[in-house]
Amino acid sequence: MFGKGSREEGWGIQVSHVDRKFGKRLVLQDIDFEVKPAEIFGLLGPSGSGKTTLVKLMAGIDRPTSGTVVVGGVQMPRLDMLGKIGYMAQSDALYAELTAKENLDFFASLFGLRGRGRRRRIEEVMELVHLTDSMKKRVSTYSGGMKRRLSLAIAMLHRPRILILDEPTVGIDPALRVSIWNELRDMSQSGTTILVTTHVMDEAEKCHRLGMLRDGRLIAVGTPGELKASANVTTIEEAFLAFGGVRG
Amino acid sequence: MRVCALVVRIWRQFLHDKRTLMLMLVAPILILTLVSLVFNGNTYKPKIGTVDVPAMVTQRLAQEDVSLVSYSSTNSALEALKTQTIDAYISWQDGRPAVVLEGSDPSKNKAILLDLQQMAEASSPGPTGIQPKITYLYGSAKMSSFDNFGPALIGFFAFFFVFLVAGISFLKERTTGTLQRLVATPIRRWEIVAGYVAGFGLFTTIQAILIAWFCVDILGMMMNGRLINLLLITLLLSITALTLGTFLSSFANSEFQMMQFIPLVIVPQVFFSGLFNIDTMAVWLRWLSKIMPLYYGADAMRNVMIRGKGFTDIVMDLAVLLAFSLVFMVLNVLTLRKYRHV
Ligand SMILES: Nc1ncnc2c1ncn2[C@@H]1O[C@H](COP(=O)(O)OP(=O)(O)OP(=O)(O)O)[C@@H](O)[C@H]1O
Ligand SMILES: [Mg+2]
């Protein structure tokens, strides 16, 4: 069920001994783990633990203070890798005065999509996030959840080999959340490597493997089952507290 | 290709934002119209009071462009002066004219003294009364002050609105996180800068054409050179403004902070753009003008519009503006490193 090794050409991510400092402040400390090809890897951690910072290093828009991040065999940050990675930022970065279609058009052409293929792909991703009817609306008239979905659609637009999603399902209703997770599972099955951050525990259960982040340190890595078993608890939440040294 | 995508996006944003569009197209026209109405008016006709002035002098005075009011005593004339009914009065003391001016407006003072001087010259045609023959190398006797500073004004608008609009839209790109999103795509840093320059450049060309056409054909501003040169100057000036605006926007955290650059960056340039005479300024201050893009832009504008000069005469100014733009573009590309290291 893990889709592990199902695709030889799938790309993995290796994070080795990564530190990230902002000024004197050490926000990430000796992070060392691997995301295997075609798996869904969840990064779990409380607010301020450094999830977004870590994810930006992997998306290639930031550089570690020390250590290396290797994506698909190439050390990041590298410009030519950016076209192979889909990134959905935590805050919706959309042009509010443009329509959804115009936003999609813009990002699609940045990724080199054009012509009929582009139009079809735009329709596909908008279908996926249930926004086809609101395609021509201005983004400023969108609700929070709609903006989130549009961001997700944009991240998937160019069929990236690696999809990095920073809290993708915030503000999205349960039914749609389920269908988005189904889609993510499909994508992973067809070889896309997916990295999501979340602090929703039941979403964590849906990941193939999890990394738990706390105060800039990776305190545990493993499948949800492994983590629960080794902490001798029944829920991810309890496991998280256990690894954090807070016995519940 | 990616530059094109950016250009298309900037245009679409413009088209959706009618207000900004209007600001950039209509505001300059509105202000220029106002300025032309204010400064193109007829020369001021001083109101002069007379007290016991010989009839011959009064006749002479009446030939100048003044309106005369006669008063019975200096006291009543003084009262009239105090209430600003008249600008000056002439009385006769010991067989000589004595003039008292209201004096609070230098331009009125000058006009009155000029009239009196002309009157004096006309009444005593001695050896000092040699009339010079006056010809104009550039401009003409009919040239109004609007013709004189109009070119600088066109340059100013090209600069000001682009500076503000481009600066703020780049700032918004940063504050809304779209810049962060943009650098997560394979777009190169120079492509972002080039996209902005091309997108806004295209737009400001249209703005420039509109302003130039309006000033020359509708307001009748003096235009002795070729329009294409005028447009070239405007375009380079607005690219300088654009790149400076986007560069400075990286030091602002909000639209309001962007506005704070206006007194720092825009207003000083106005002083050096030829609205005021630079030659009377202190030497170090004159040097300051050398680092102000608007100084070169306005200089080239005047050369084209008033002196009717051609491309070869403004090429130095254009080169300096181009150099400014290139420096600011490089600075832009470098500051974008803050958002992505490759
Ligand atoms: N550019 C920056 N400069 C200075 N400090 C930063 C910067 N970006 C993040 N930090 C700090 O790094 C820490 C981790 O931030 P980060 O955004 O990675 O947390 P997060 O796990 O994503 O939190 P959340 O769940 O709230 O999104 C925070 O304490 C934050 O203040
Ligand atoms: Mg975060």
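Predicted model, so just to flag it, every value in this text is computed and none were measured.

Peer 1: So what's going on with the pairing of strand E4 (residues 66–71) of chain A? Which residues, and what values?
Peer 2: Residue and element names in this part refer to chain A. Where strand E1 (residues 13–22) and E4 come together, five bridges link them in antiparallel fashion. Looking at E4, one finds that Ile 13 is bridged to Val 71. Looking at chain direction, E4 and strand E5 (residues 74–75) are connected through two bridges and run antiparallel. Along E5, the bridge assignment pairs Val 70 with Gln 75. Between E4 and E5, which follow one another and run antiparallel, lie two residues, and Gly 72 among them has a positive phi close to 55 degrees.

Peer 1: Talk me through the coordination of the magnesium ion (ligand 2); I want residue IDs and the actual numbers.
Peer 2: Around a metal, the idealised angle for a tetrahedral arrangement of four donor atoms is 109.5 degrees; for an octahedral arrangement of six donor atoms it is 90 or 180 degrees. Residues and elements named next belong to chain A. With distances of 1.8 to 2.1 Å, the protein atoms coordinating the magnesium ion (ligand 2) are Thr 52 (OG1) and Gln 90 (OE1). Pair noted here: Thr 52 is in helix H1 (residues 51–59) and Gln 90 is in the loop between strand E6 (85–88) and helix H2 (100–110), with a separation of 38 residues, a long-range link. The exposure class of Gln 90 is partly exposed, given its relative accessible area of 40%.

Peer 1: An account of the UniProt feature "transmembrane region" (unreviewed entry) in chain B is needed here, citing residue identities and associated values.
Peer 2: Feature annotation in UniProt places "transmembrane region" (unreviewed entry) on residues 21–39, 152–171, 192–214, 226–249, 261–285 and 314–336 of chain B, given in this structure's numbering. Each end of residues 314–336 of chain B is marked by a C-alpha atom, and these two atoms are 33 Å apart; helix forms 96% of the span and strand 0%.

Peer 1: With reference to specific residues and values, describe the domain arrangement of chain A.
Peer 2: All names here are of chain A. Here the domain parsing of chain A yields domain 1 (35–84 + 160–247) and domain 2 (94–159). Distance between the C-alpha centres of domain 1 and domain 2: 24 Å. Each partner contributes to the interface: domain 1 provides 17 residues, whereas domain 2 provides twelve residues. Buried area between domain 1 and domain 2, both sides added, is near 1100 Å², and the carbon and sulfur share of it is 69%. The tally of links between domain 1 and domain 2 comes to zero salt bridges. Linking domain 1 with domain 2 are two residue pairs in polar contact (both at pLDDT 80 or more), by the criterion used here. Residue assignment for the side of domain 1 that touches domain 2 shows that the elements contributing at least two residues are strand E7 (162–166) and helix H5 (174–189). Examining the composition of the side of domain 1 that touches domain 2, we find that five residues originate from one element, H5, more than from any other. In terms of residue class, the side of domain 1 that touches domain 2 is made up of ten nonpolar, three polar and four charged.

Peer 1: How would you summarise the interface of chain A and chain B if you had to cite specific residues and measurements?
Peer 2: Often, the extent of an interface is quoted as the loss of accessible area upon association of its parts. On the chain B side, the residues contacting the 29 residues of chain A number 26 residues. Surface buried jointly by chain A and chain B totals about 2700 Å² across both partners, of which 63% is contributed by carbon and sulfur atoms. Glu 97 of chain A is paired through a salt bridge with Lys 172 of chain B; the nearest N and O atoms lie 3.6 Å apart. For the pair chain A and chain B, the interface holds six residue pairs in polar contact (both at pLDDT 80 or more). Elements with a minimum of two residues in the side of chain A that touches chain B: H2 and helix H4 (144–156) of chain A. When residues in the side of chain A that touches chain B are grouped by element, the largest group, six residues, is from H2 of chain A. Partitioning the side of chain A that touches chain B into residue classes produces 15 nonpolar, four polar and ten charged.

Peer 1: So what's going on with empty space enclosed by the protein? Which residues, and what values?
Peer 2: Residue and element names in this part refer to chain B. A complete count under the given rule lists two cavities of 30 Å³ or more for this structure. One number sums up the size of the largest cavity: a volume of about 50 Å³. When its volume is computed, the second largest cavity comes out at roughly 40 Å³. Forming the walls of the second largest cavity are Phe 170, Val 193, Tyr 196, Val 197, Leu 242, Thr 243, Thr 246 and Asn 332. Where the lining of the second largest cavity is concerned, the elements lending two or more residues are helix H8 (189–218) and helix H9 (227–249).

Peer 1: Could you give an account of unusual backbone geometry, naming the residues involved and the relevant values?
Peer 2: Residue and element names in this part refer to chain A. With an omega dihedral of -5 degrees, the bond running from Met 76 to Pro 77 counts as a cis peptide bond. Its identity is not glycine, yet His 130 carries a phi of approximately 60 degrees, on the positive side. Looking at the element boundaries, His 130 is found in the loop between helix H3 (115–128) and H4. For Asn 232, which is not a glycine, the phi torsion comes out positive at approximately 60 degrees. The topology assignment puts Asn 232 in the loop between helix H7 (224–231) and helix H8 (236–243).

Peer 1: Talk me through helix H14 (residues 311–335) of chain B; I want residue IDs and the actual numbers.
Peer 2: All names here are of chain B. With 25 residues, H14 ought to run about 36 Å at 1.5 Å a step, and its terminal C-alpha atoms sit 34 Å apart, in line with that. Asp 317 marks where H14 bends most, by close to 30 degrees. Residues of H14 that are buried: Ile 314, Asp 317, Leu 318, Leu 321, Phe 324, Ser 325, Phe 328 and Asn 332. Contacts made by the buried residues of H14 are with H8, H9 and helix H13 (293–305).

Calculation notes
Residues numbered from 1 in each chain as written. Chains lettered and ligands numbered in written order. Predicted model: local features only at pLDDT ≥ 70, side-chain atom pairs only at ≥ 80, totals over all residues. Heavy atoms only, no water. Pairing = 2+ DSSP bridges. Helix = DSSP H or I, 4+ residues; strand = E, 2+ residues; numbered from the N terminus. Donors = N, O, S within 2.8 Å, 3.2 Å for Na, K, Ca; no water. Buried < 20%, exposed > 50% of the residue type's maximum accessible area, 1.4 Å probe, protein only. UniProt positions renumbered as here; feature names shortened; annotations may be inferred. Domains from an automatic or database assignment. Contact = heavy atoms within 4.5 Å. Buried area = accessible area lost by both parts, 1.4 Å probe. Salt bridge = Lys/Arg side-chain N within 4 Å of Asp/Glu carboxyl O. Polar contact = N/O pair within 3.5 Å; in protein donor to acceptor, adjacent residues only side chain to side chain. Nonpolar A, V, L, I, M, F, W, Y, C, P; charged D, E, K, R; others polar. 1 Å grid on protein atoms, 1.4 Å probe; cavity = no way out; pocket = protein on both sides within 12 Å on 5 of 7 lines; lining within 4 Å. Points joined across faces, edges and corners; volume = space filled by probe spheres on them. Expected span 1.5 Å × (residues − 1). Bend = angle between axes of the 7 residues up to and from the residue.

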